[in-house]
Amino acid sequence: MTHLTYELAALLYLAAGTLGALARTRPRAAGGMVGLLALGAGLHAVGFIGLHRQTPPVSLESFPAALSLIAWLIVVAYLLCLRMFPIRSVGVWVGAAAGLVTLAADAALRWLSPAAAGPHSGGTWSHAHVLLSAGGFSLLALASLAGLAYLAKERQLKHKRWPRLGLPSLEGLDRFEHLSLSLGFPLLTLGVISGFVWGADRGVSPWTGHSLWLLGAWAVYLLPVGLRVVRRQHGHLPARGVVLGFALLAFSYVGIRLLGAVA
Amino acid sequence: MNVVLVGLSHHTAPVAIRERYVVTESALSGLNEKLVRGSDIDEAALISTCNRTEVLAVSRSPERALEHLLDFLRYELGDGSASVAHVYELRDADAVAHLLRVAASLDSMVLGEAQILGQVKAAYRAGVQGRSVGPILNRLFQSAFRAAKRVRSETGLGASPVSLASIGVQLACELFESLAGKKVLLLGSGAMAESALRGLQEAGAESVAVLSRTPESALRLARRFAGRSAGLDALDEELSAAAVVLCSLQVERPLLGRAQLEGPMRRRQGRPLLIVDLGVPRNVEPSVNTLKDVYLYDLDDLERVAERGRAQRGAALEAALAILASERDRFEAWCAQLPLVPTIRKLVQYANELARSEARRAASGATGSEASPEVLERMAERIVAKLLHQPLRRLRAESELAGGLYYADAARRLFGLELEDDEE
């Protein structure tokens, strides 16, 4: 039942992304996109409850469940931000990313046994680490989407090819990226700290491949954060920073595990 | 009709070429005079706007005239940088249709804009001053003005043109979430820049700074747009604060280059800057667009934006084209009658002289201050007899020859006579 719910949610996200793409020529489709994303997020939440009630239950600390949580948080954060920013056109990318990540998480949950899916300690620090990191990751994912959109839009305008992608204004994307980064970076920082504390609690060495890459990503994020907070810089430089930071962050979560699985 | 036209415009030549072929309004009449002096050209008029430079002429030797006009355009009006591919040559109906399209703003970068009609009128006035506009161009310009007026009043094109103002606002909206609180910097003056500024203000831009070479003109414009004025020495400071810069200065070489903008851009801390260069010659070096966070649009770029709006206005455009076709037909019909003009003039003159001489004769024969009805009747009969004497004599003489029936038919047509069947 849980798998079916996840798959339906993933399909709704992908359908929302498709509607978002159609909205460039048919503005009415944008409303449908938002509706499908909201419906998908609702179904996705039901999936979490099913996951928790499963015997044995799958902990949120497991990698596939955390991945699924990140996809859900991306959609929820996007829907919440829609009221504040004219970012409907970014929904194409949000729908596509959330759909694919949810499908990947579902596939991992199907193939891995609950024990192999990841550690299940149930402690406060582990919950704090997962929730804070997932929150930070999803907001930084949105920041990187905004950064990518900014760079794409900048290129369009420089080459006088607008408005082919139908993206929001540069200023709107910059503001959205700023907010996502301002909220996401502190959450990620707290997630990193709680992760180290959790590891220390368990007597595990904190210097794993995941934690080292995570620290590297965190350090890279200092660049856009510093530019924005200290120099009050806008535009392409922070945008490049958040895109690079997220690439490292995604690698620390997903890439390092994939490499481990291949090895 | 032997009307010829040679020119280059935004359709055929980039702004880098067009800016070398700009003719100032004050130089127009002198150049017109030069065109008609000692050449195969009978009548001529030069049209020069920021988007086109064209020479319209009437000549009895159109082939030679076209060659002469081509050389004149390339080497007298510019520096010879325009290649043959940049220049178009039109003859007779095509040249006429072209002028009608230009005056009605159907050939403009901004479809339906009103400024072009004023510019064509200025070209006509310069032609009249330079005594290079004769009866044919005079009639053609009047047709063009009438067509433009009809297009504006009878179609929707003039009511809601794809204006520079709307294009400027569209561009600004690609950069900024809202124009509220944004600062617009206007460099120079000019109808296009003012129209764009008005559009930006209507869209919410609050603050306007006007910079000009002469403080008086800057002050005058600033007052009109509730802004403030300054000299060009304040450029650096104003560039740091503005969100949109509209450039419309008359300059020989670009005023703004990378070097001038690097400092202000550093101070802007990544905030985007939109520069709309409406000047011809251009006010801003194209390399400025390579600076980060600067988005430079010149007239050629605006043309591409306007092109999309143009495609969306099919119905109004069709109606406007129909008006132009009817005006072109009227002009061509008038041209076809041109060979008859001397005959008609003589005929009218002959009839008037005859009527006047008979009136004098009647007056001398009258007693008292008023002529009696009998005197007036005799006078009218004499006028008719004299008017018809020559045609009737000719008709009788011709009836003895092969062409007699032709003359009889012509007489019936000319006087609108309908014969009964039995009379025939």
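For the structure, see preceding data.
One structure accompanies this document, and this report is about it. Keep in mind that what you see is a predicted model, and the values were worked out from it rather than measured.

### Notes on helix α2 (residues 25-36) of chain B
Residue and element names in this part refer to chain B.
Moving on, step 1. When we look at burial in α2, the residues that qualify are Leu28, Ser29, Asn32, Leu35 and Val36. The buried residues of α2 occupy an angular sector of 125° when projected down its axis, which confines them to one face.
Moving on, step 2. On the buried face of α2, the contacting elements are β2 (41-48), β3 (52-59), α3 (62-76) and α5 (115-129).
Moving on, step 3. Just downstream of α2 lies Gly38, where phi reads positive at about 60°.

### What about the environment of Ala408 of chain B?
Moving on, step 1. Its location among the elements puts Ala408 of chain B in helix α16 (residues 404-415).
Moving on, step 2. In this structure the C-alpha to C-alpha distance between Ala408 of chain B and Arg396 of chain B, which are 12 residues apart in sequence, comes to 9.3 Å.

### A few points about the interface of chain B and chain A
Moving on, step 1. Each partner contributes residues to the interface: chain B has 15 residues there, and chain A has 17 residues.
Moving on, step 2. When contributions to the side of chain B that touches chain A are tallied by element, the ones reaching two or more residues are α7 (164-175) and α12 (299-311) of chain B.
Moving on, step 3. Among the elements that make up the side of chain B that touches chain A, the one with the highest residue count is α7 of chain B (three residues).
Moving on, step 4. In terms of residue class, the side of chain B that touches chain A is made up of five nonpolar, three polar and seven charged.

### Describing the sheet that holds strand β10 (residues 294-298) of chain B
All names here are of chain B.
Moving on, step 1. Overall, parallel pairing links the six strands, which are arranged β7-β6-β5-β8-β9-β10 in an open sheet. Every interior strand has two partners, whereas the edge strands, β7 (228-231) and β10, have only one. Direction aside, the axes of adjacent strands within the sheet are offset by 20° on average.
Moving on, step 2. Sheet topology places strand β6 (residues 207-212) next to β7; four bridges connect them, and they run parallel. In the sheet register, Leu211 faces β7, and the bridge partner there is Ala230.

### Here's the deal with helix α15 (residues 373-399) of chain B
Moving on, step 1. Between its first and last C-alpha, α15 of chain B extends 37 Å over 27 residues, near the 39 Å set by a 1.5 Å rise per residue.
Moving on, step 2. For α15 of chain B, the principal kink sits at His389 of chain B and spans about 40°; a proline, Pro391 of chain B, occurs within the next four residues.

Reading the values: the criteria
Counting starts from 1 at the beginning of each chain's written sequence and moves along it residue by residue. Think of it this way: whatever chain is written first is A, whatever ligand is written first is 1, and the rest follow in order. Two thresholds apply to this predicted model, a pLDDT of at least 70 for residue-level local features and 80 or more for giving and counting side-chain atom pairs, whereas whole-chain, interface and lining totals are computed over all residues. Each residue is classed by its C-beta neighbour count within 10 Å, where at least 20 other C-beta atoms makes it buried, 12 or fewer makes it exposed, and intermediate counts make it partly exposed; the C-beta atoms are placed from backbone geometry. Strands are runs of DSSP state E lasting at least 2 residues, helices are runs of H or I lasting at least 4, and numbering of each runs from the N terminus. Note: the arc covers the axis-to-C-beta directions of the helix. Residues are treated as contacting if the C-beta atoms built from their backbones sit within 7 Å of each other. Residues are grouped as follows: nonpolar covers Ala, Val, Leu, Ile, Met, Phe, Trp, Tyr, Cys and Pro; charged covers Asp, Glu, Lys and Arg; every other residue, Gly included, is treated as polar. When DSSP finds at least two bridges between two strands, those strands are taken to pair. Interaxial angles span 0 to 180 degrees and are taken between N-to-C directions of axes, which are lines fitted to C-alpha atoms, for helices over the stretch in contact. Helix span, as expected, comes to 1.5 Å for every residue beyond the first. Bend is the name given here to the angle between axes fitted to two runs of seven residues, the run ending at a residue and the run starting at it.

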